[in-house]
Amino acid sequence: MKSIAILTSGGDSPGMNAVIRSVVRTCIYNNIKIFGVKFGYDGLINGNIFEMNISSVADIIQKGGTILSSARSSCFLTEEGQKKALENIKKRNIEGLIVLGGDGSFKGANVISNYGIKTICIPCTIDNDMGYTDYTIGFLTSVNTVIDAISKLRDTSSSHGRANILEVMGRKCGDIALYSGVAGGAESIIIPEKDFDLEKICNKIISGRKRGKLHHIIVLTEGILSPYQLKKQIEEKTKIDTRVTVLGHIQRGGTPSSMDRIIASEMGNEAVKLLLLGKSNLALAYKNNEVEYVSIETAINCKKSFNEKLYEIIDELSI
Ligand code: F6P
């Protein structure tokens, strides 16, 4: 293998830059040409591809976002788009491709792999919604961001004797709410994996208030119900003033945590080494503190399991 390309696709996540740095440096160390593709699959289609060097990745390990830019490409879903992408890969004699992203990006990588290009995927999404790996890069940083928000909300919640709803991201996965709820000491969490129980939340607010508790933090995963509708329902039932914060894309930015940087550095290095061994159609996973791999199809089709034990802890610790 003489040349490899790397792209970042889908929603960005903190730690993508640390992966890019690791891939580029490992390639240069092993005398492999490394190309960066801008704006994900759209860049492959438009030929937005450039050769990277050692200084292309200087001073980026600590930066959120992606220096390669990202996109959700609708054009790559068409056969015409895929053929154009393939032409651009072949024109530059690119033999291997490393794709950073989540579920949708892996599906794109599978298409490229089926056209015969050696392809490796690295899981990067804040959602942690991929069942085949313990962690996706960016998730732990995002959880830290949410914990920070919970701590700040708790201050003002206590000052005013209010309930505060914090809506977080996660798409169809409740992990951001669950992990940050536990680590931030939230009183209630609402996640897609569990039925929403308004009665239980309101009773908890009222019983907390009766024994002098002044704050109540509810972490709500996006897409379940409107936080403003929830606020109205809580106020009607408890008569307690309630406020809404939608954290939004703040969760996608910021300097990556230590674990995200470490996993990113390990995975970037491993992806290049696997390509050099002639391996293809693999998705890297982080399992039991080690980097492992499965086929891309296995990764895409693996059902995400839910950490029931962690969910139960919330009820016991937030009495
Ligand atoms: O998949 C990552 C994610 O941040 C989700 O949590 C969220 O639902 C979505 O992307 C937001 O996408 P966009 O950046 O397109 O608004």
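Provided above is the structure to which this section pertains.
No experiment lies behind these values; they were computed from the predicted model shown.

**Q** Account for the sheet that holds strand β4 (residues 96–101), naming residues and giving values.
**A** As summarised here, the arrangement of the seven strands in space is β3-β2-β1-β4-β5-β10-β11, forming an open sheet in which the pairing is mixed. Strands at the two margins of the open sheet, each flanked by one partner only, are β3 (49–51) and β11 (290–295). Shown here is a sheet whose adjacent strand axes are inclined to one another by a mean of 25°, direction ignored. Bridge count between strand β10 (residues 282–287) and β11: six bridges; the pairing is antiparallel. Residue pairing in the sheet places Leu 284 in a bridge with Tyr 293 of β11. Of the strands in this sheet, β4, β5 (118–123) and β10 touch helix α4 (residues 103–114), which is tilted by about 170° from β5.

**Q** Can you break down the site of the ligand residue by residue, with the values?
**A** Lining the immediate environment of the ligand, one finds Arg 72, Thr 125, Ile 126, Asp 127, Met 169, Gly 170, Arg 171, Glu 222, His 249 and Arg 252. Here an oxygen atom of the ligand and a side-chain polar atom of Arg 72 are 2.9 Å apart. In this structure, an oxygen atom belonging to the ligand sits 3.2 Å away from a main-chain N or O atom of Gly 170. Its free accessible area being 390 Å², the ligand has 74% of it covered by the protein chains. Tallied by class, the residues present in the shell around the ligand amount to two nonpolar, three polar and five charged.

**Q** Which residues make up the packing of helix α7 (residues 198–210) against helix α8 (residues 227–238), and what values do they have?
**A** Running from N to C, α7 and α8 point in directions that differ by 55°, and their axes come no closer than 10 Å. Compared by their axis directions, α7 and α8 come out oblique. α8 is crossed by α7, and the crossing has right-handed handedness. Where α7 abuts α8, its residues Leu 198, Glu 199, Ile 201, Cys 202, Ile 205 and Ile 206 lie against Leu 230, Gln 233, Ile 234, Lys 237 and Thr 238.

**Q** Tell me about the nonpolar core, residues and numbers included.
**A** With 32 residues, the main nonpolar core has Ile 6, Ile 98, Leu 100 and Ile 122 as its most contacted residues. When residues of this core are traced back to their parent elements, those giving at least two are β1 (3–8), α1 (16–29), β4, β5, α9 (258–276) and β10. Within the second largest apolar cluster, 27 residues are counted, among which are Phe 76, Phe 106, Ala 283 and Ala 285.

**Q** Go over the packing of aromatic side chains, please, and point to the residues and values.
**A** Taken as a whole and assessed by the stated rule, the structure comprises five aromatic pairs. Plain terms: the ring middles of Tyr 41 and Phe 76 are 4.4 Å apart, the flat faces sit at 20° to each other, and that makes the pair stacked. Of this pair, Tyr 41 sits in helix α2 (residues 40–46) while Phe 76 sits in the loop between β3 and α3 (79–91), and the two are 35 residues apart along the sequence. Both residues of the pair, Tyr 41 and Phe 76, count as buried. Ring geometry for Phe 139 against Tyr 179: centres 5.1 Å apart, planes inclined by 85°, an arrangement best described as edge-to-face. Taken together, the residues Phe 139 in helix α5 (residues 139–160) and Tyr 179 in helix α6 (residues 175–184) connect sequence positions 40 residues apart. Judged by relative accessible area, Phe 139 falls into the buried class, the value being 0%.

**Q** Give a description of the sheet that holds strand β6 (residues 163–168) that names residues and reports values.
**A** On the basis of which strands lie adjacent, the open sheet formed by four strands has the order β7-β8-β6-β9 and parallel pairing. Taken across any chain shown, the strands that pair with only one partner, and hence form the sheet edges, are β7 (188–190) and β9 (242–246). For this sheet, the mean angle separating the axes of adjacent strands, direction not counted, is 20°. Note: β6 against strand β8 (residues 216–221), six bridges, orientation parallel. Within β8, the residue paired with Asn 164 across the bridge is Ile 217. Across the face of the sheet, α5 comes into contact with β6, β8 and β9 while running at roughly 165° to β6. Sheet strands in contact with α8 are β6, β7, β8 and β9, and its direction is about 165° off that of β9.

**Q** Can you lay out the pattern of salt bridges for me, pointing to particular residues and giving the numbers?
**A** When their charged atoms lie close together, side chains carrying opposite charge are able to pair. One pass over the full model with this rule turns up 17 salt bridges. Here Glu 235 and Lys 231 are joined by a salt bridge, their closest N and O atoms 3.2 Å apart. You can see Glu 235 and its partner Lys 231 sitting in helix α8, four residues apart, about one turn around the helix. On the basis of relative accessibility, which here comes to 22%, the residue Lys 231 falls in the partly exposed class. Within this structure, Arg 162, Asp 241 and Arg 243 form a network of salt bridges that share partners.

Calculation rules
For every chain, the first residue of the written sequence is number 1, and numbering continues from 1 along that sequence. Note on the predicted model: pLDDT of at least 70 is required for a residue's local features to be given, and 80 or more for side-chain atom pairs to be given and counted; whole-chain, interface and lining totals, by contrast, use all residues. Excluded from the side-chain calculations are hydrogens and water; all other atoms, namely the structure's heavy atoms, are used. Strands qualify as paired when DSSP identifies two bridges or more between them. Secondary structure counts use DSSP, requiring at least four H or I residues in a row for a helix and at least two E residues in a row for a strand, with both numbered from the N terminus. Axis angles are defined between N-to-C directions and span 0 to 180 degrees, where every axis is a line fitted to C-alpha atoms and, for a helix, only to the segment in contact. Residues are treated as being in contact if the distance between any of their heavy atoms lies within 4.5 Å. We call a residue near a given molecule or strand whenever any one of its heavy atoms falls within 4 Å of it. Side-chain atoms alone can form a polar contact between residues adjacent in sequence; in general such a contact is a pair of N or O atoms within 3.5 Å, and within protein one must be able to donate a hydrogen while the other accepts it. To be clear on the numbers: accessible area is Shrake-Rupley with a 1.4 Å probe, and residue cover counts the displayed protein chains and nothing else. All amino acids are sorted into three groups, where Ala, Val, Leu, Ile, Met, Phe, Trp, Tyr, Cys and Pro are nonpolar, Asp, Glu, Lys and Arg are charged, and the leftover types, Gly among them, are polar. Angular relationships are summarised with four words: roughly parallel below 35 degrees, roughly antiparallel beyond 145, roughly perpendicular across 65 to 115, and oblique for the angles in between. By definition, any crossing whose near helix is turned counterclockwise from its far helix by less than a right angle is left-handed, and any crossing with a clockwise turn is right-handed. Nonpolar cores were defined as sets of buried Ala, Val, Leu, Ile, Met, Phe, Trp, Tyr and Cys residues, with membership established by side-chain atoms within 4.5 Å. Relative accessibility thresholds used throughout: buried, under 20% of the residue-type maximum; exposed, over 50%; partly exposed, between the two (1.4 Å probe, protein chains only). Between rings of Phe, Tyr and Trp, where Trp is taken as its six-membered ring, a pair exists when centres lie within 6.5 Å; planes separated by under 30 degrees are stacked, by over 60 edge-to-face, and by other angles tilted. The term salt bridge refers to a pairing of a side-chain nitrogen on Lys or Arg with a carboxyl oxygen on Asp or Glu at a separation within 4 Å.

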